[in-house]
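Examining the three-dimensional arrangement
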Amino acid sequence: MQEAMIKRAKELLADGTVNRVMGWKKGEFVYDTTPAVFETAEELEKEFVCNDFTQANLSKYLIKESRKEGKILAFLKPCDTYSFNQLLKEHRIIRENVYVIGIPGGPKLDMEKIKAKGISGILDVKNENFTLKIETLYGTETMPFYEAVSGKCADCKSKKHVVYDELIGEDGDVLASRRFDMVEKLENMTSQERYDFWRGELSKCIRCNACRNVCPACTCENCVFDNPKSGIDQKAAADSFEENMFHIIRAFHVAGRCTDCGECSRVCPQNIPLHLLNRKFIKDINSLYGEYQAGADTTSKCPLTDYDTDDCEPSIVHERGVE
Amino acid sequence: MQVNENFEPVIVAFCCNWCSYAGADLSGTNRLNYPTNVKIIRVPCSCRVNPIFILRAFQRGADGVIICGCHPGDCHYTSGNYFTRRRITLLYSMLDFLGIERNRTRLEWVSAAEGAKFAAVMNQFTEDVRKLGPNRRLEDLRCRKQ
Ligand code: SF4
Ligand code: SF4
Ligand code: SF4
Ligand code: FES
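Quick look at the structure, then. (Residues numbered from 1 in each chain as written. Chains lettered and ligands numbered in written order. Predicted model: local features only at pLDDT ≥ 70, side-chain atom pairs only at ≥ 80, totals over all residues. Heavy atoms only, no water.)

1. As for the overall build of chain B
Of regular secondary structure, chain B possesses four helices and four strands. Ordered by position from N to C terminus, the α and β elements of chain B give β-α-β-α-β-α-β-α. Here the C-alpha atoms of chain B give a radius of gyration of 15 Å, agreeing with the 15 Å that 2.2 N^0.38 yields for 146 residues. Along the longest, intermediate and shortest principal axes, the C-alpha atoms of chain B span 40 × 35 × 20 Å. Look at the contacts in chain B between residues 6 or more apart in sequence, and 81% of them connect residues 24 or more apart. Carbon and sulfur atoms provide 50% of the accessible area of chain B, an area that totals close to 6200 Å². Seen as two clouds, the 20 positive and the 13 negative side-chain charges of chain B have centres 6 Å apart. (Helix = DSSP H or I, 4+ residues; strand = E, 2+ residues; numbered from the N terminus. Rg over C-alpha atoms; globule rule 2.2 N^0.38 Å. Contact = heavy atoms within 4.5 Å. Areas by Shrake-Rupley, 256 points an atom, 1.4 Å probe, with all protein chains shown as cover. Lys, Arg positive; Asp, Glu negative; His and termini not counted. Charge placed at Lys NZ, Arg CZ, Asp CG, Glu CD.)

Structure, rendered in C-alpha cells:
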C-alpha cells in the first residue's frame, strides 16, 4: 500500500498535477506518525509512511493547505472523506486546489492497547495474518490483532469513500455498526447513574483543547473558548460546572456537523469517551428528525439549520418516564 | 430526596418580546399571581436563546430554566421558534443524558393573549422545581449563595 501511494504521489508531482503531498511522516518509532506535507520525491521516499498507525484524519489541514499556491494531493481514508465533504459543504476547503486519492481505511492500531498488555521497549509491530508480531528490546511478543484495534476503527461506520478523484484499492460499503450501543446503555441508566458516570469522566479533563483542535467540525476562526470574556478560555476548569459547560457547548456546536470521525476521543490524553456525547446527538437527530449522516453529501440541509412544522416538542425529553 | 418546604427555587424565564413577554405583562395587568421566584429575561425571539445562556443561568444560581416563545407558526420572525424547538429539544436531551434532572428545564409556547396560561405555567414549573430541591448537579460552587 505504502509503495503504491508513494509511486502515485511521485507521478502526480512529476507531471505537475500537484505541487505538494499531504500524508504522514515517519517518526522515531513505527507508531509515531505525524501529518505532514511533502514537496519532493526524495522527501516522499525518505519519510512518507502509511501503516497500521496512520490514524490521523488529514482533512482539517486542507482548510489552510487549499488556500496556498497550487494543488495539493491528499490521501484520505473512508472516514476522512466524510470530514472532507462536510468541510466542502461548509465552504471551508477550496475543492479545486485538492487532489483526493481515496485509500482503504483501517482497522488501525492503538499503541496504548499494546502497551496495556505490559509490552514495553517496542521496536517494531508487524501484522502477520491477524497476529501482531511485536519486536521489543527484550525479544518478540505476540498478541491478536483485534485486541489492539483502535476505538474509532472498532466502531467503523463506513468503508465507502464519499468523495475522491481516484482510488488506490477497492471502495467499500456503509457498515451496520454497533456504535450506538453504549449510548443506549447510558440512556437506560438512572439520571443519578448517568450523572455519576459523566462526573467520573469529565472531571478528568485537563482542558488541553486537543479535542477541539483536532476536530474537523471545530474550524471557527474565533472559537468561544478563546474569548477572554467568556471566563472559560484557555484554562483548566475551576469548577465542575466549567467541565460540563465546555463539553456540552462543544458537543452542541458540532451537532449535526460531526461526522463521527472519532478524532476527538482518539487524541484525548485523558481517554474521555467524547464520542458518546457526539453520538448521543447523532442518535437523537436520527430518531427525531430522520436519518442523517454528516458529510455523506454536500447538498442536504443540516438538521439544526432546518425544521419541520410538525417537529416534536422538547417535552418529549420530560416524558421519558421516571428518572 | 428530602424536600425542604422552605426552599424557594430561583427560576429564570427567557421570554420572547413579541408573545410571551407580552403574555407575562397581561397576566400582571389582569392581577393574576405568578411566583416571585420567576426572574424574566426578555429576548427578541425564543431562538435568541443560546445554549450558553441556559448554562450560565444555572451557573449563576438558577434552579430551573424555562424558555417561552410564540406558538409555532406565530413567531414574529416567521420561523425563529421552529429552530428553537429543534435546538432546545436536543439540548434538553443532552442535559438529561449527562444526568441533569430533566424537570429543571422546560419550554412553553405562550401568546400575548395568554396571560392566564403564563401564570399557570410559571406556578406549575416553580412547583416542579421546588420538588427537585436546589440545583446541585449543574451549579458553580463559587456562585452558591449560602
Ligand atoms: S482532549 Fe480530553 S483532556 Fe483535552 S480538553 Fe478535550 S476532553 Fe479535555
Ligand atoms: S466531534 Fe469528534 S468525532 Fe465529531 S467531527 Fe469532531 S473530532 Fe470527529
Ligand atoms: S467549540 Fe464551537 S466555537 Fe469553538 S471551534 Fe468548535 S464549533 Fe467553533
Ligand atoms: S418572536 Fe416569539 S418566538 Fe420568535
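2. Quick word on the nonpolar core
One broad trend across soluble globular proteins is that nonpolar side chains are buried collectively. Of all hydrophobic cores here, the largest spans 55 residues; its most connected members are A:Trp198, B:Ile54, B:Leu55, B:Ile67, B:Tyr92, B:Leu95 and B:Leu98. Those residues in contact with B:Leu55, other than ones at most four positions away along the chain, are A:Phe241, A:Met245, A:Ile248, A:Ile249, B:Leu95 and B:Leu138. A:Ala9, A:Leu12, A:Leu44 and A:Val100 belong to the second largest nonpolar core, which has 35 residues in total. (Core = buried A, V, L, I, M, F, W, Y, C linked by side-chain atoms within 4.5 Å. Buried < 20%, exposed > 50% of the residue type's maximum accessible area, 1.4 Å probe, protein only.)

3. Looking at the pattern of salt bridges
For the structure on display, the rule yields 39 salt bridges over all chains. Between B:Arg104 and B:Glu101 there is a salt bridge, with its nearest N and O atoms 3.0 Å apart. Overlapping salt bridges, with partners in common, bring together A:Lys7, A:Arg8, A:Glu11 and A:Glu166 in one network. (Salt bridge = Lys/Arg side-chain N within 4 Å of Asp/Glu carboxyl O.)

4. Some details on the pairing of strand E5 (residues 98-102) of chain A
Residue and element names in this part refer to chain A. Counting buried residues along E5, five of its five residues qualify, which places the element largely inside the surrounding structure. Because side chains alternate across E5, one face comprises the buried residues Val98, Val100 and Gly102, and the other comprises Tyr99 and Ile101, equally buried. Where strand E4 (residues 72-76) lies against E5, five bridges are found, and the strand directions are parallel. Its bridge partner being in E5, leucine 76 is matched across the sheet by glycine 102. Running through helix H4 (residues 78-89), the crossover from E4 to the neighbouring parallel element E5 is right-handed. By the bridge criterion, two bridges tie E5 to strand E9 (residues 166-167) in an arrangement that is parallel. Counted as the bridge partner of glycine 102 is leucine 167 from E9. (Pairing = 2+ DSSP bridges. Right-handed = clockwise from strand over helix to strand, strands pointing away.)

5. Structural notes on the environment of A:Phe53
Residue and element names in this part refer to chain A. Along the chain, phenylalanine 53 turns up in the loop between strand E3 (48-49) and helix H3 (61-65). In the structure, phenylalanine 53 is positioned 190 residues away from glutamate 243 in sequence and 31 Å away in space, judged by C-alpha atoms. Leave out the neighbours within four places in its chain, and phenylalanine 53 touches Val30, Tyr31, Thr33, Lys108, Leu109, Met111, Ile114 and Val125.

6. Regarding the sheet that holds strand E4 (residues 105-109) of chain B
All names here are of chain B. Spatially, four strands are ordered E2-E1-E3-E4 in an open sheet, and the strand pairing comes out parallel. The sheet is open, and its two edges are formed by strand E2 (38-43) and E4, each paired on a single side. Ignoring which end each strand starts from, the neighbouring axes of this sheet average 20 degrees apart. Here strand E1 (residues 11-16) pairs with strand E3 (residues 64-69) via five bridges, running parallel. Residue pairing across strands places valine 12 opposite valine 65, the latter belonging to E3. Helix-sheet contacts for helix H3 (residues 80-97) involve E3 and E4, and the interaxial angle to E4 is about 160 degrees. (Axes fitted to C-alpha atoms, helices over the stretch in contact; angles between N-to-C directions.)

7. Section: the site of ligand 3
Around ligand 3, the neighbouring residues are A:Cys218, A:Cys220, A:Cys223, A:Val224, A:Phe225, A:Arg250, A:His253 and A:Arg257. Residue composition of the shell around ligand 3, by class: five nonpolar, one polar and two charged. (Near = heavy atom within 4 Å. Nonpolar A, V, L, I, M, F, W, Y, C, P; charged D, E, K, R; others polar.)

8. Focus: the interface of chain B and chain A
Of the residues lining the interface, 39 residues belong to chain B; the matching set on chain A comes to 47 residues. Here chain B meets chain A over a buried area of about 4100 Å², counting both sides, of which 64% is carbon and sulfur. The largest share of the area that chain B buries against chain A comes from B:Arg86, B:Phe97 and B:Arg102, three residues that together contribute 22% of it. B:Asp96 is the partner of A:Arg194 in a salt bridge, and the nearest nitrogen-oxygen pair spans 3.1 Å. Here chain B and chain A share 18 residue pairs in polar contact (both at pLDDT 80 or more) between them. For the side of chain B that touches chain A, the secondary structure elements donating two or more residues are helix H2 (51-59), H3 and E4 of chain B. The element that contributes the greatest number of residues to the side of chain B that touches chain A is H3(B), accounting for 15 residues. Of the residues belonging to the side of chain B that touches chain A, the class tally is 19 nonpolar, seven polar and 13 charged. (Buried area = accessible area lost by both parts, 1.4 Å probe. Polar contact = N/O pair within 3.5 Å; in protein donor to acceptor, adjacent residues only side chain to side chain.)

9. Some points on the packing of aromatic side chains
A full pass over the atoms with the stated rule returns 15 aromatic pairs over all chains. Pairing A:Phe38 with A:Phe48 gives two aromatic rings, centres 5.5 Å apart and planes at 55 degrees, and the pair type is tilted. Placement of A:Phe38 in strand E2 (residues 33-38) and of A:Phe48 in strand E3 is noted, with a sequence separation of ten residues between them. Three or more aromatic residues joined by ring pairs form one cluster here, namely A:Phe29, A:Tyr31 and A:Phe53. One Lys or Arg, B:Arg42, reaches over the ring of B:Tyr21 and ends 4.7 Å from the middle of that ring. Sitting above the plane of the A:Tyr195 ring, B:Arg137 keeps its charged end 5.2 Å from the centroid. (Phe/Tyr/Trp six-rings, centres within 6.5 Å; stacked < 30°, edge-to-face > 60°. Lys NZ or Arg CZ within 6 Å of the ring centre and 35° of its normal.)

By themselves, these observations are geometric and do not establish any function.
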